[in-house]
Amino acid sequence: MRLTRPMLAAAGAVAVMALAGCGSGDSDAAAKIPTAATGSLESLAAKVKCKPDMQIDSDEVRQAICKTSDGKYVFVTFATDRGQREWINDAKDYGGHYLVGRKWVAVGDDKVVKALQTTLGGEEEIGTDHSAHGSSHTG
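What you see is a predicted model, and the numbers here were worked out from it, not measured in a lab. (Residues numbered from 1 in each chain as written. Predicted model: local features only at pLDDT ≥ 70, side-chain atom pairs only at ≥ 80, totals over all residues. Heavy atoms only, no water.)

A. Spatial organisation of the packing of aromatic side chains. Applying the stated criterion across every chain yields a total of four aromatic pairs. Seen from their ring centres, Tyr73 and Phe75 are 5.6 Å apart, and the 65 degrees between their planes marks the pair as edge-to-face. Summarising the burial analysis for this pair, Tyr73 and Phe75 share the class buried. Put simply, the rings of Tyr73, Phe75 and Trp104 touch in pairs and so form one group of aromatic residues. (Phe/Tyr/Trp six-rings, centres within 6.5 Å; stacked < 30°, edge-to-face > 60°. Buried < 20%, exposed > 50% of the residue type's maximum accessible area, 1.4 Å probe, protein only.)

Shown next, in the form of structure tokens:
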């Protein structure tokens, strides 16, 4: 099955909305961050002791939900760097916290992303917070 960019964006949006929540910011991120891990979704999940619940399994993107003692998050791996960046750029419009490694992303609340970062490395990116915008929409 070949996933198109809109399908990937929709999958990212669903992942973010499923995990949306408010996290409290913790600015003392002075913990040593390891070099970003690499590997398959299964090998990355094993490093953080998660048994992935696969949601999407295609040639271009693989997505699973993981639960650890730190919380619930979505793990996504990509076939290409470009596919990863396009997915992140589209998904960040829905808010959330993203831990980004080479051809993988973990999406969860701030606490979960920071906990994963101590094992997997990677860079944290934060999506756009639309909560300050009005809650009523006309259509």
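Here the narrative resumes.
B. Representation of the environment of Gly127 within the structure. With respect to the helices, strands and loops of the structure, Gly127 is situated in the segment after β6 (123–126). Put simply, Gly127 and Asn89 are 38 residues apart on the chain and 8.7 Å apart in space, counted from C-alpha to C-alpha. Not counting chain neighbours up to four residues away, the residues in contact with Gly127 comprise Lys92, Gly95, Gly96 and Tyr98. (Helix = DSSP H or I, 4+ residues; strand = E, 2+ residues; numbered from the N terminus. Contact = heavy atoms within 4.5 Å.)

C. Main features of the sheet that holds β6. Reading across from one edge, β1-β2-β3-β5-β4-β6 is the order of the six strands in this open sheet, with antiparallel pairing throughout. On the outer flanks of this sheet lie β1 (53–57) and β6, each paired with one strand and no other. Neighbour-to-neighbour, the strand axes of the sheet open up by a mean angle of 20 degrees, direction not taken into account. Strand direction decides the pairing type here: strand β2 (residues 61–68) and strand β3 (residues 71–78), joined by eight bridges, are antiparallel. By the bridge assignment, Gln63 is partnered in β3 with Val76. Across the face of the sheet, helix α3 (residues 81–91) comes into contact with β2, β3, β4 (97–101), β5 (104–108) and β6 while running at roughly 170 degrees to β4. In the packing of helix α4 (residues 110–120) onto the sheet, the strands contacted are β3, β4, β5 and β6, and the crossing angle to β4 comes to about 15 degrees. (Pairing = 2+ DSSP bridges. Axes fitted to C-alpha atoms, helices over the stretch in contact; angles between N-to-C directions.)

Such coordinate-based values are descriptive only and should not be taken to indicate function.
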